[in-house]
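# Coordinates in review
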Amino acid sequence: MEQKDIYILGIESSCDDTSAAVIRNGFLLSNVTASQSVHEAYGGVVPELASRAHQQNIVPVVDQALKKAGITQEQLSAIAFTRGPGLMGSLLVGVSFAKGLALSLGIPIIDVNHLNGHVMAHFIKEEGAEVRQPRFPFLCLLVSGGNSQIIKMNAYNDMEILGQTIDDAAGEAIDKCSKVMGLGYPGGPIIDKLARMGNPDAFSFSKPNIKGYDYSFSGLKTSFLYSLNDWMKEDPNFIEHHKEDLAASLEKTIVDILMKKLQKAAKDTKIKDVAVAGGVSANTGLRNAFIDYGKRYHWNVFIPKFSYTTDNAAMIAITGYYKYLDHDFCSIDLPAYARIEK
Ligand code: KG4
């Protein structure tokens, strides 16, 4: 008997990107994202504005994703949605939309943990592209604006968190330092660009001394701020004169902190498949460090395509696809959650 195609619609709305994607039998057909420029003026995401923008974007984004995939909504097998963690108001838009559409179509819904989705981006297949996926168990450094974690992936839906930040996330630290320097938002891509023109050894900032695999970035942020204040007493235009070196030195410090702990985890667990995921994985310095560490420690390194680093629905759809194969559906009354339940 001929196997029926499985079409999963993925919906992501956990922060400030409204995204919808369609996956057929594990292969990506479309991935449409509407970003929200409204937050730029505020130097950070304003939750209420994010929810309103999601409400405006969700229908056209889903519509475009279906059109680009060349399918009708009646062909969908299930709808996967980000249930959390994230901003509650933002999540509610995607969660409610997914439930409503699934109910009207009479198809199952699949809840996806946003962090699990980021890691699962490594399993998205594209027609005609080389397929290279990590083997379980593998390690994944998940670095975004809200998270910095070392995860041991035992199976596609079995995440063991070996370590995580006890305060700020890496992306948050970069964004805050960039704000202190008077650069735009989000700071990550700006710091990345400036860092390519600077000397990473020009300045040194304090590094945390935390046990195990946990991270901390709040001390670095403070050290960066206090150092700038001191230097600006001597030269009020210090930032303008040294912005490339400051960016390069900050980036190097963060990358060093991230990679040292990851290397310790790889050594202790003897795991050789090592991946990176999340918004900060777009960073050039971090990507280069992965390649260097891979060569040095004989890791099989997995670095995502740029389009899968920041929030996107393709990663939600692929996670949903694997859950679909396991008939791992959720009930309509399952609520969104802002934080991971402990
Ligand atoms: O995963 P993501 O899109 O959103 C969540 O936080 O869930 O990550 C956003 C973070 C921001 O802090 C942003 O500044 C950072 O990723 N980022 C970068 C780069 N591109 C984005 N950080 C460093 N270098 C980049 N090229």
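Refer to the structure printed above.
Since the structure is predicted, the reported quantities are computational estimates derived from the model, not experimental observations.

### As for the sheet that holds strand β1 (residues 7-12)
Strand order in the open sheet formed by five strands is β3-β2-β1-β4-β5, with mixed pairing between adjacent strands. Each having just a single partner strand, β3 (27-35) and β5 (109-113) make up the two edges of the open sheet. On average, each strand axis in the sheet is tilted by 20 degrees relative to the strand beside it, whichever way the strands run. Here strand β4 (residues 78-84) pairs with β5 via five bridges, running parallel. Following the sheet pairing, Ala80 is matched in β5 by Ile110. Each of β1, β2 (17-24) and β3 touches helix α1 (residues 47-69); the most contacted strand, β2, lies at about 25 degrees to it. Across the sheet, helix α2 (residues 88-105) is in contact with β1, β4 and β5; its angle to β4 comes to roughly 155 degrees.

### So, helix α9 (residues 314-325)
With 12 residues, α9 extends 17 Å from end C-alpha to end C-alpha; this agrees with the ideal 16 Å at 1.5 Å per step. In terms of burial, α9 is a largely internal element, 11 of the 12 residues being buried. Listed as buried for α9 are Ala314, Met315, Ile316, Ala317, Ile318, Thr319, Gly320, Tyr321, Tyr322, Lys323 and Tyr324. Where α9 is buried, its residues meet β1, β2, β3, β4, β5 and α3 (114-120). Directly beyond the C-terminal end of α9, a positive phi value near 55 degrees is found at His327.

### Considerations on the nonpolar core
Leu141 and Leu286 are the most contacted members of the largest nonpolar core, which totals 44 residues. When residues of this core are traced back to their parent elements, those giving at least two are β6 (138-143), α4 (170-180), α5 (187-195), α6 (218-234), α7 (238-269), β9 (273-277) and α8 (284-297). Considering each element in turn, this core owes the most residues, 14 residues, to α7. Beyond its immediate chain neighbours, meaning those up to four positions away, Leu141 contacts Gln149, Ile150, Tyr215, Leu258, Leu262, Ala275, Val276, Ala277, Leu286 and Phe290. Membership of the second largest hydrophobic core comes to 34 residues, among which are Met120, Cys140, Ala277 and Ala314.

### Digging into the pairing of β1
Where burial is concerned, most of β1 is hidden: six out of the six residues are buried. Neither face of β1 is open: one carries Tyr7, Leu9 and Ile11, the other Ile8, Gly10 and Glu12, and all of them are buried. Bridge analysis of β1 against β2 gives six bridges, and the strand direction is antiparallel. Residue pairing in the sheet places Ile8 in a bridge with Ile23 of β2.

### Observations regarding the packing of α4 against α7
Where α4 meets α7, the closest approach of the two axes is 11 Å, and the angle between their N-to-C directions is 165 degrees. Relative to α7, the element α4 is oriented roughly antiparallel. As α4 packs across α7, the resulting crossing turns out to be right-handed. Listed contacts from α7 to Ala170, Ala173, Ile174, Cys177 and Val180 of α4 are Ile239, Leu250, Ile254 and Leu258. Class assignment of the residues belonging to the contact of α4 with α7 gives a composition of nine nonpolar, no polar and no charged.

Basis of the calculations
Residues numbered from 1 in each chain as written. Predicted model: local features only at pLDDT ≥ 70, side-chain atom pairs only at ≥ 80, totals over all residues. Heavy atoms only, no water. Pairing = 2+ DSSP bridges. Helix = DSSP H or I, 4+ residues; strand = E, 2+ residues; numbered from the N terminus. Axes fitted to C-alpha atoms, helices over the stretch in contact; angles between N-to-C directions. Contact = heavy atoms within 4.5 Å. Expected span 1.5 Å × (residues − 1). Buried < 20%, exposed > 50% of the residue type's maximum accessible area, 1.4 Å probe, protein only. Core = buried A, V, L, I, M, F, W, Y, C linked by side-chain atoms within 4.5 Å. Parallel < 35°, antiparallel > 145°, perpendicular 65-115°, else oblique. Left-handed = near helix turned anticlockwise from the far one by under 90°. Nonpolar A, V, L, I, M, F, W, Y, C, P; charged D, E, K, R; others polar.

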